[in-house]
Amino acid sequence: LKAHAGDMTFRGENPPNGAIVDYWLGTTAAAPVVTVHDATGTLVQTLNATRTKGVNRAIWNLRHAELPVRGGGFGDDDDAPRGGNLPGPYVVPGIYTVRLAVAGKTLEQKVTVKDDPRIDATPADRKVWSDFQMQVAATIRQWGPVGDTLQKAPTVDADTKRQARELTSRLSGLMGATGRWVGRPTADQQSEFTFYKEMVTKLSAALTSSSRFSMRS
């Protein structure tokens, strides 16, 4: 007999990226709700909670809630399927509370989020980066529903709808570009964001005008 001399490839599953939340359910009668809160108690994200009798697992990707626009994810560190909604910004380092609510009972567990030791940005630069990401995310949350409504509005002209789609794409691209590295946004990125905010105001006004026209007609 001759030993196998060919190439053999073994693949294993990498551990999830983020905080792993395991919980046990004795019954599936009540739906569990798993949420993450910051030090002030503010809701950061609601996790996808399974409802299987026995051991269940939810994963927090250390980000704020996803954004209401389509995106391809920020990179290989995200467990969300590609093509889903755009992930929210990463949270700042600190202590967070994971809360499980089910069948009238609430359980809590603290989670400490630390910076990646490979990041060489100064604390000041990291804060500027995080603040900018949150500002862009807030604008996307404001714009997302407006953009969707514009596309469906029968009284909005084709060029306005095109501008709306372009704005959604540009905001998504800015979020992705600044999310791939930790550091101060460039002057161009800041200038782009200022223009995008102006476009949000302009196109939102166009939707309002269209709605008034529709009601009058």
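Summarised in this report is the structure supplied together with it. The structure displayed is predicted, hence computed values, not measured ones.

Take the nonpolar core next. Among the nonpolar cores identified, the biggest contains 23 residues, and Ile-140, Trp-143, Leu-150 and Leu-167 are the most heavily contacted of them. Among the secondary structure elements, those contributing two or more residues to this core are α1 (123-152), α2 (158-179) and α3 (187-216). Apart from the residues within four sequence positions on either side, Leu-167 is in contact with Trp-143, Tyr-196, Met-199, Val-200 and Leu-203. Judged by nonpolar contacts, the second largest core, of 17 residues, contains Val-21, Val-34, Trp-60 and Val-91.

The subject of this paragraph is the packing of aromatic side chains. Ring pairs (aromatic) are described by centroid distance and by the angle formed between their planes. Across all of its chains, the model carries three aromatic pairs by this definition. Taking the centre distance of 5.4 Å and the plane angle of 75° together, the rings of Phe-132 and Phe-193 count as edge-to-face. Of this pair, Phe-132 sits in helix α1 while Phe-193 sits in helix α3; the two residues are 61 residues apart in sequence, bridging distant segments of the chain. Like Phe-193, Phe-132 is buried. Seen from the ring of Tyr-90, Arg-63 lies directly overhead, with NZ or CZ sitting 3.8 Å from the centre.

This part covers the pattern of salt bridges. According to the stated counting rule, one finds eight salt bridges in the structure shown. Close ionic contact of Lys-127 with Asp-131 constitutes a salt bridge, the shortest N to O distance being 2.7 Å. Of this pair, Lys-127 and Asp-131 both sit in helix α1, four residues apart, which is roughly one turn of that helix. For Lys-127, a relative accessible area of 54% translates into the label exposed.

Reading the values: the criteria
- For every chain, the first residue of the written sequence is number 1, and numbering continues from 1 onward in sequence order.
- Only residues with pLDDT of at least 70 are given local features in this predicted model, and only at 80 or more are side-chain atom pairs given and counted; all residues enter the totals for whole chains, interfaces and linings.
- Note: side-chain values were computed over all heavy atoms of the structure, leaving out hydrogens and water.
- Among buried residues, those of type Ala, Val, Leu, Ile, Met, Phe, Trp, Tyr and Cys that are joined through side-chain atoms within 4.5 Å constitute a nonpolar core.
- Burial status follows relative accessibility: with a 1.4 Å probe on protein chains alone, a residue under 20% of its type maximum counts as buried, one over 50% as exposed, and anything between as partly exposed.
- Helix and strand definitions follow DSSP, with helices as H or I runs of at least four residues and strands as E runs of at least two, each counted in order from the N terminus.
- Working rule for contacts: check all heavy atoms of both residues, and any pair within 4.5 Å makes them a contact.
- Only Phe, Tyr and Trp rings are paired, with Trp represented by its six-membered ring, and only when their centres lie within 6.5 Å; those with planes under 30 degrees apart are stacked, over 60 edge-to-face, the remainder tilted.
- Placement of a charge over a ring requires the Lys NZ or Arg CZ to be within 6 Å of the ring centre, with the centre-to-atom vector within 35 degrees of the ring normal.
- Salt bridge criterion: a side-chain nitrogen from Lys or Arg within 4 Å of a carboxyl oxygen from Asp or Glu.

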